[in-house]
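As a plain string of letters, each chain reads:
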Amino acid sequence: RFAFQQSPHKEAFAAKGLSQCAACHDHHKVMHPTDAWLGVNEGAVCVKCHAPQDKGYAAAEQMKKILDSLIAGQARVKAALGEAQALNMDVSEGETAVELIREKTIESRTAIHAFTPEHLMEVAKDGFIAEAKAESLAAAAVFEYKFRRAGFGVATLVITGLALLLWLKIRA
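Residues numbered from 1 in each chain as written. Predicted model: local features only at pLDDT ≥ 70, side-chain atom pairs only at ≥ 80, totals over all residues. Heavy atoms only, no water.

Quick word on the packing of aromatic side chains
Which entries qualify depends on this criterion: Ring pairs shown here join Phe, Tyr and Trp side chains whose ring centres sit within 6.5 Å, with only the six-membered ring taken for Trp; geometry is labelled stacked below 30 degrees between planes, edge-to-face above 60, and tilted in between. The numbering of helices and of strands both runs from the N terminus, where a helix is a DSSP run of H or I of at least 4 residues and a strand a run of E of at least 2.
Under the criterion given, the structure shown has one aromatic pair. On the basis of an interplanar angle of 20° and a centroid distance of 6.3 Å, the ring pair of Phe-143 and Phe-147 is categorised as stacked. Here Phe-143 pairs with Phe-147, and both are found in helix α6 (residues 117-171), just four residues apart, close to one helical turn.

Looking at helix α4 (residues 55-86)
Going by this rule: The span expected for a helix works out to 1.5 Å for each residue beyond the first.
The end-to-end C-alpha separation of α4 is 47 Å, in line with the 46 Å expected for 32 residues at 1.5 Å each. Following α4 by one or two positions, Asn-88 adopts a phi angle in the positive range, close to 65°.

Observations regarding the pattern of salt bridges
Put simply, the rule is: Just to be clear on terms, a salt bridge is a Lys or Arg side-chain nitrogen sitting within 4 Å of an Asp or Glu carboxyl oxygen. Any residue under 20% of the maximum accessible area for its type is buried, any over 50% is exposed, and the rest in between are partly exposed; the area is computed with a 1.4 Å probe on protein chains only.
What the rule picks out here adds up to nine salt bridges. With a shortest N-O distance of 2.3 Å, Arg-148 and Glu-144 are connected by a salt bridge. Of this pair, Arg-148 and Glu-144 both sit in helix α6, four residues apart, roughly one helical turn. Judged by relative accessible area, Glu-144 falls into the partly exposed class, the value being 34%.

Some details on α6
To keep things clear, this is the line we draw: The contact definition used throughout considers only heavy atoms, calling two residues in contact when any of these lie within 4.5 Å.
Taking 1.5 Å per residue as the helical rise, α6 with its 55 residues ought to reach 81 Å, and the 78 Å between its terminal C-alpha atoms agrees with that figure. If you check which residues of α6 are buried, you get Pro-117, Leu-120, Val-123, Ala-124, Gly-127, Ala-130, Glu-131, Ala-134, Ala-138, Ala-141 and Val-142. In this structure, the buried residues of α6 make contact with α4 and α5 (92-111).

Brief notes about the packing of α5 against α6
Quick note on the threshold: Lines fitted to the C-alpha atoms define the axes, with helices restricted to the stretch that makes contact. Angles between their N-to-C directions range from 0 to 180 degrees. Every angle not falling under 35 degrees, over 145, or within 65 to 115 is termed oblique; those three ranges are roughly parallel, roughly antiparallel and roughly perpendicular. Two helices cross in a left-handed way if the nearer one is turned anticlockwise from the farther one by less than a right angle. They cross in a right-handed way if the turn is clockwise. The residue classification treats Ala, Val, Leu, Ile, Met, Phe, Trp, Tyr, Cys and Pro as nonpolar and Asp, Glu, Lys and Arg as charged. All others, Gly included, are polar.
Running from N to C, α5 and α6 point in directions that differ by 160°, and their axes come no closer than 8 Å. By the criterion of interaxial angle, the relationship of α5 to α6 is roughly antiparallel. α6 is crossed by α5, and the crossing has left-handed handedness. Note on element contacts: α6 touches α5 through His-119, Leu-120, Val-123, Ala-124, Asp-126, Gly-127, Ala-130, Glu-131, Lys-133, Ala-134 and Leu-137, opposite Glu-93, Gly-94, Ala-97, Leu-100, Ile-101, Lys-104, Glu-107, Ser-108 and Ala-111. Split by residue class, the contact of α5 with α6 holds 10 nonpolar, four polar and six charged.

And the structure:
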């Protein structure tokens, strides 16, 4: 409720006699909120009150993009770390970053109630930083795996060549 108390909706809801929670969450149809409620697409609660030319409509659209980007980033990072892990590379530091992204996603879902993209971005910021770090770690792990494989191949060729030269020298 604290986020709502600081939001631009507090005065607007009070002026219209709307409940601060039930106006969006509808206390009679107790439904679990989903990310689809945010934004300007069909099913979003924001479009009940905000038309395309409203500042609130643009803010809802921007907040939805921030949240969706954080969620998509988490999926990308998990996939990249999964690829590195499948190569038997250590990805524990990246997994810690994934947990931070998950926490920031949860916090962002709560921060939505301040109804300002700036506040939401401030909360989500560390999640985006963790995403970039984890993607970098995953890419470095895959690169290291490929570098090791190439090094192993070169070493094998050099040793085989030396063994062949030694064999030729012994035969002569």
